[in-house]
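What follows is the residue order along each chain.
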Amino acid sequence: MLFRETEIAGLEALLLVANEPLTLEHLAGILELDPAEVVEILSEIQARYDNPACGFMIFEVNGGFKLGTKPEMSHYIETLYHQPTQGLSGAALEVLAIIAYKQPVTKGEIDFLRGVQSDRALATLVEKGLTQEIGRKEGPGRPIIYGTTEQFLLHFGLRSLKNLPELDFERIREAAKKELDEENET
Amino acid sequence: MLFRETEIAGLEALLLVANEPLTLEHLAGILELDPAEVVEILSEIQARYDNPACGFMIFEVNGGFKLGTKPEMSHYIETLYHQPTQGLSGAALEVLAIIAYKQPVTKGEIDFLRGVQSDRALATLVEKGLTQEIGRKEGPGRPIIYGTTEQFLLHFGLRSLKNLPELDFERIREAAKKELDEENET
Amino acid sequence: MRFCLRSLVFNMEKATFSRPASYVELPAFHGPLDLLLHLIQQEKIDIYDIPIAQIADQFVEAVRQMEALDMELTSEFLVLAAQLLYIKSRYLLPKSPKEESEVEAEDLRQELVERLLAYRTFKEAAQTLSVLEVSSGQKYFRTVDIDEIRSQFEADDPLDGVSFNDLWEAFGHVIVRAEKGVEIKTVEPDDVSIDKVMDDVLRRVILYPHGTCFTQLIRGNTRMELIVFFLALLELLKMGKIHCEQSSPHQDIQLFPTEKAWEFTEGE
């Protein structure tokens, strides 16, 4: 197939830049070949890609062909595009702790306990799938009530909220007292 | 280099899925290799691409590597996109030359050097991704300052701005001085 | 502006015209500097020694032809024409202290030469780029949808590294803030409103569901503050939001939130 070098290279180039899968007919039209010849070229390219030192692969999707990476390469790609998880902010952790231990709870209640607005922190927690709306409270304004999610339980290895360990008030109080003392000293 | 098959394939896969040029260090980190080994692999891949039956090519820009199509393949891509690529107009090339050699530069400075308004040419260059706004100049009016892009380097086959052909910089400096004086007067 | 400039140019030209300009070929110019450079190159003139009178006339003539050919003629052409004629007139001016006007004309000419040289440099650079553009060839790249790639990976656990201890600590911060009762401490005792103190007390009672001591809840530096806190406590007891227990007469009184405790915040 040496005499078709240009078309083989052309087909590769087309596969590289096309955003959508290209059909045999479309490729044949651009390369000025018969569809049968395009099939031959495609299998020749695929044979070349079968080399373990090659990271590419031709996929057939909806009757079209597109270039992609071999499945074995996915861990490299994952490393390239890995987004380091943004740890939760202090405010978000506070809101999460309040929801975990006081649920079901409204935003007004969270704000009341924290003494500050919690809108942003609450939105982050919902977005990350750690807390969710679980209904509305009866009464004026029917405010949304929040609770923790399955994902929250999964992270802490809990089968249900009943297994949530009690707040260790002794320790919390001690830590809080220490923090207060330190602040008073300065 | 048979024993490095996986890394060779991995590098190819990474080049395929990256929009931005990947630096040696970045690639070395993902592939868990030394940068020197990455260089070896890159040249091995490039040697493979040199085969006329291959449509790919590795481009180096600003110390990063990017996968693209060989220039000989451009007519196939133009057929795919139904649009022949047009070269830049004379006015656009003048504006681009001024930006390339004098960056960072304001539109006022470009207009002065050319003795004519450059709005249209400048807009075309920004639209084509060859130049971009890179900030604002301190001083009255805080005019936008322009510079070239990585796309500019790729388009002209330059590895970095250092590879721009030399100009008679003495003249440019003198002209720039004059123009500064004028700006200060107004 | 445009018409005004043009009449200026041609009036000046009439006044100072000395000899007919030679015919010029007119390609499309990228501006007046481009045209001027073209004329200088066409006449094989040394750029450092431009005969202003001759070049000014040729420039004006070229602008006239462009106008006659209905070519795009921006105001910059007219401005430069006016400048050239002005320099020419300064050189020719018979009266006034001659030296002064010649010095001024010389400065203007020098400035024009410098602009022309700079323009020529960039014009050459543009030609170099044009050559580069052709020789490097057209290449194309893939545009990758990174979001799509990312969506194929499992999202990381946002609670990575967070333990129960961290949760308790966070809860502790809420308590610290409630204990500080910043707002209440800063107001003058006379102004301490009973509502604010009730909030302060209730907030702390809710945060300690296993009971909090009476002595811990009541705080204040003055007799007045202590009284207000005590009144707030009584009011909350009366409203049924908290209840108290005392295991034996000499033990500290413990206060607990009731089911009704939350109703307080519902109005907000």
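Residues numbered from 1 in each chain as written. Chains lettered and ligands numbered in written order. Predicted model: local features only at pLDDT ≥ 70, side-chain atom pairs only at ≥ 80, totals over all residues. Heavy atoms only, no water.

Moving on, we get to the interface of chain B and chain A. In this complex, chain B contributes 33 residues to the contact, which on the side of chain A involves 32 residues. It is F56, Y76 and L80 of chain B that lose the most area in chain B upon contact with chain A, and together they represent 23% of the buried surface on that side. In this assembly, chain B and chain A are joined by zero salt bridges. Across the contact surface, chain B and chain A share six residue pairs in polar contact (both at pLDDT 80 or more). Mapped by element, the contributors of at least two residues to the side of chain B that touches chain A are α1 (5-17), α2 (24-31), α3 (35-49), β3 (64-69) and α4 (74-81) of chain B. (Contact = heavy atoms within 4.5 Å. Buried area = accessible area lost by both parts, 1.4 Å probe. Salt bridge = Lys/Arg side-chain N within 4 Å of Asp/Glu carboxyl O. Polar contact = N/O pair within 3.5 Å; in protein donor to acceptor, adjacent residues only side chain to side chain. Helix = DSSP H or I, 4+ residues; strand = E, 2+ residues; numbered from the N terminus.)

Right, let's get into the interface of chain A and chain C. Across the boundary between the two partners, chain A contributes 51 residues, which contact 46 residues of chain C. Taken together, both faces of the contact between chain A and chain C bury some 4,800 Å²; the carbon and sulfur share is 66%. For the interface between chain A and chain C, the tally reads one salt bridge. Between R177 of chain C and E94 of chain A there is a salt bridge; the shortest N-O distance is 2.5 Å. Inspection of the chain A/chain C interface yields eleven residue pairs in polar contact (both at pLDDT 80 or more). Every element with two or more residues in the side of chain A that touches chain C is listed here: α1 (5-17), α4 (74-81), α5 (90-102), α6 (107-114), α8 (150-155) and α9 (169-185) of chain A. Per-class residue counts for the side of chain A that touches chain C are 28 nonpolar, ten polar and 13 charged. (Nonpolar A, V, L, I, M, F, W, Y, C, P; charged D, E, K, R; others polar.)

Turning to the packing of aromatic side chains, a few remarks are in order. A full pass over the atoms with the stated rule returns eleven aromatic pairs over all chains. Look at Y101 of chain A and F171 of chain C: their rings are 6.2 Å apart centre to centre, the planes differ by 80°, and that puts the pair in the edge-to-face class. Of this pair, Y101 of chain A sits in helix α5 while F171 of chain C is found in helix α7 (residues 164-180), placing the two residues in two different chains. According to the relative accessible area criterion, F171 of chain C is buried, its value standing at 0%. The ring of F112 of chain B carries the charged tip of R115 of chain C above its face, separated from the ring centre by 4.3 Å. (Phe/Tyr/Trp six-rings, centres within 6.5 Å; stacked < 30°, edge-to-face > 60°. Buried < 20%, exposed > 50% of the residue type's maximum accessible area, 1.4 Å probe, protein only. Lys NZ or Arg CZ within 6 Å of the ring centre and 35° of its normal.)

Before going further, it helps to spend a moment on the sheet that holds strand β5 (residues 131-136) of chain B. Residue and element names in this part refer to chain B. Reading across from one edge, β4-β6-β5 is the order of the three strands in this open sheet, with antiparallel pairing throughout. The open sheet is flanked by β4 (105-106) and β5, the only strands paired with a single partner. Examined bridge by bridge, β4 and strand β6 (residues 144-148) share two bridges and lie antiparallel to one another. Note that in β6 the partner of T106 across the bridge is I145. (Pairing = 2+ DSSP bridges.)

Further remarks concern the sheet that holds strand β1 (residues 22-23) of chain A. All names here are of chain A. Pairing is antiparallel across the open sheet formed by three strands, whose spatial order is β1-β3-β2. Two strands lie at the open edges of the sheet, namely β1 and β2 (56-61), each paired on one side alone. The sheet contact formed by β1 and strand β3 (residues 64-69) spans two bridges and is antiparallel. Counterpart to L22 in the pairing with β3 is F65. Across the face of the sheet, α1 comes into contact with β1, β2 and β3 while running at roughly 75° to β3. (Axes fitted to C-alpha atoms, helices over the stretch in contact; angles between N-to-C directions.)

Here we take up a negative patch on the surface. A cluster of like negative charges, contributed by E78 of chain A together with E154, D156 and D160 of chain C, occupies part of the molecular surface. Within the fold, D160 of chain C resides in the loop between α6 (146-151) and α7. (Patch = residues over 30% accessible without salt bridge, like charges linked within 9 Å, V, L, I, M, F, W, Y side chains within 5 Å. Areas by Shrake-Rupley, 256 points an atom, 1.4 Å probe, with all protein chains shown as cover. Lys, Arg positive; Asp, Glu negative; His and termini not counted. Charge placed at Lys NZ, Arg CZ, Asp CG, Glu CD.)

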